[in-house]
Amino acid sequence: MNEIVQYEIDLQIEMCIKIEVFDMKIKKICLTAMIVSMGILLCACGNQQSDAEEKIRIGVTYYNHDTFLDQLIACFKEKLCELEGSTSEIIVTIRDASGSQRTQDDQVMELINAGCNVLCVNLVDRADPSEIIDLARENDVPIIFFNREPVAEDMKQWDRLYYVGAYAEQSGVMQGELAAAAIWSNDQIDRNKDGKIQYVILEGEPGHQDTIIRTGSAVDTLKKNGIELEKLSGGIANWNRAQAQNRIMQMISQYPNKIELVLANNDDMALGAIDAYKKLNYTESALPIFFGIDGTDAGLKAVADSKLYATVYNDKEGQAAAMAELAVALVVKDGMDEIEFDEDRSIYLPYDKVTADNVEKFLVE
């Protein structure tokens, strides 16, 4: 007959541990192990999960620092804190790939080896995810790609690949619509009265889908809305405010007092353009109008202060919530049927137009 012997050990908190023993020899071994470890708690309580299985370990790797991503990840962590109260303990490890795909591949291996059971990946190179996918598939760790969408063929490599983001074309169309509305409502924007709007454009990274799509759709939308355009210049500023300032300084020197419209692929670059004109002491009446995308905190404040004419809000809170809920559901294997996918395993959050008329709504959020 098996005997059940109950031992009580006071580890500064009261805890009762039941140990099943089959003979006195095993009983002594178990007791000795407990005393020596002083903190290793063993529990014979049926089918209770191990500590490793109970914890949700999320590994995050992103391409590089930028303002929108930093704010998105901050929202992601906040949402996970909310979810932790109703589910298992959640541990998040975050890595910055510093613009290197090789570094990001290594980070994915590191995160998997550290026990992460779901990955959130903002790709350095959206066209080169194969090594990351292979590593995840070999270790059966699902991936949520975010903000930078892999090409469609790569998403088909495995059925545990997901994407959370927004439609880049929608942001460009909205930016074009905002600019067209401003031009039609204010004939002072066409300062030289030639019937055309002389513009420059600040683009993100070369080859990035948001750079290509935002740029093309914004310009096409302006033309569809009856705005005659003349492009003076354009330049890559890699989503960066300081680089954008330098680019615009060069454009101003090349086209002094000729630029009437500045389109930027994100708020940071639009703000960099504003910085350039401020540094050169341009009067307000001599300024072009500026448009951004993303609705970062700084971008929204610039709209509220009438420095940035308008921006397009990229729903970081919605994306963060979708990522967090999906990550938890993938690990606990519960709640997946409640998640609404727009296409296969992708979730897209809509953009919103932000002007001086409604910016307070977004600042409050």
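Structure: see above.
Residues numbered from 1 in each chain as written. Predicted model: local features only at pLDDT ≥ 70, side-chain atom pairs only at ≥ 80, totals over all residues. Heavy atoms only, no water.

Asks: What is the right way to look at a negative patch on the surface in this model?
Replies: Together, E340, D342, E343 and D344 line one region of the surface with negative charge. Topologically, E343 is positioned in the loop between α12 (316–332) and β13 (346–348). Overall, the relative accessible area of 42% leaves E343 in the partly exposed class. (Patch = residues over 30% accessible without salt bridge, like charges linked within 9 Å, V, L, I, M, F, W, Y side chains within 5 Å. Areas by Shrake-Rupley, 256 points an atom, 1.4 Å probe, with all protein chains shown as cover. Salt bridge = Lys/Arg side-chain N within 4 Å of Asp/Glu carboxyl O. Lys, Arg positive; Asp, Glu negative; His and termini not counted. Charge placed at Lys NZ, Arg CZ, Asp CG, Glu CD. Helix = DSSP H or I, 4+ residues; strand = E, 2+ residues; numbered from the N terminus. Buried < 20%, exposed > 50% of the residue type's maximum accessible area, 1.4 Å probe, protein only.)

Asks: In this structure, what is going on with the sheet that holds strand β7 (residues 161–165)? I would like to understand it.
Replies: Sheet strands associate in pairs through backbone hydrogen bonding, adopting either a parallel or an antiparallel arrangement. Ordered in space as β4-β3-β5-β6-β7-β13, the six strands form an open sheet in which the pairing is parallel. Each edge of the open sheet carries a strand with a single partner, namely β4 (90–96) and β13. Sheet twist, expressed as the average angle between the axes of neighbouring strands with direction ignored, equals 15 degrees. Taken together, the four bridges between strand β3 (residues 56–62) and strand β5 (residues 118–121) define a ladder with parallel strand orientation. Bridge assignment links V60 to a residue of β5, and that residue is C120. The strands that helix α5 (residues 130–138) touches are β5, β6 (143–146) and β7; relative to β6, the one it contacts most, it runs at about 155 degrees. (Pairing = 2+ DSSP bridges. Axes fitted to C-alpha atoms, helices over the stretch in contact; angles between N-to-C directions. Contact = heavy atoms within 4.5 Å.)

Asks: So what exactly am I meant to see when it comes to unusual backbone geometry here?
Replies: Negative phi values dominate among residues other than glycine, just as trans dominates among peptide bonds. The phi torsion at N147 lies on the positive side, around 70 degrees, for a residue other than glycine. Residue position: N147 is located in the loop between β6 and α6 (152–155). For N147, a relative accessible area of 13% puts it in the buried group. Positive phi, normally seen in glycine, also occurs at N257, with a value near 60 degrees. By secondary structure assignment, the location of N257 is in the loop between α9 (241–254) and β10 (261–264).

Asks: I keep staring at the pairing of β6 and nothing clicks. Help me out?
Replies: Each regular strand shows side chains that alternate between the opposite faces of the sheet. What you see with β6 is no split at all: I143 and F145 on one side and I144 and F146 on the other are buried throughout. Across three bridges, β5 lies against β6 in parallel orientation. The residue bridging C120 from the neighbouring strand is I144, located in β6. Relative to β7, β6 runs parallel, the two sharing four bridges. Counterpart to I144 in the pairing with β7 is Y162.

Asks: Is there a simple way to think about α5 in this case?
Replies: Because an α-helix packs 3.6 residues into every turn, residues spaced three or four apart end up facing the same way. Buried within α5 we find I132, I133, L135 and A136. For α5, the angular spread of buried residues about the axis comes to 165 degrees, placing them on one side. Where α5 is buried, its residues touch α4 (101–113), β5, β6, α6 and β7. Looking at the residues trailing α5, positive phi occurs at D140, about 55 degrees. (Arc of directions from axis to C-beta.)

Asks: I tried to follow helix α10 (residues 267–279) on my own but got confused; where do I start?
Replies: For α10, built from 13 residues, the straight-helix expectation of 18 Å at 1.5 Å per residue is met to within 8% by its first-to-last C-alpha distance of 18 Å. The element α10 is extensively covered by neighbouring structure, given that 10 of its 13 residues are classed as buried. Immediately downstream of α10, the backbone of N281 shows phi near 60 degrees, a positive value. (Expected span 1.5 Å × (residues − 1).)

Asks: Sorry if this is basic, but what is going on with the environment of S130 here?
Replies: Mapped onto the elements, S130 comes out in helix α5. Note: C-alpha distance between S130 and D154 (24 residues apart in sequence) is 7.3 Å. Ignoring any residue separated from it by four or fewer positions in sequence, one finds S130 in contact with D154 and Q157.

Asks: Explanation requested: the side chain of Q175 in the structure shown.
Replies: Residue placement: Q175 occurs in helix α7 (residues 168–185). Look past the residues within four positions of Q175 in its chain and what remains in contact with it is A218, L263, A264, F291, G292, I293 and V312.

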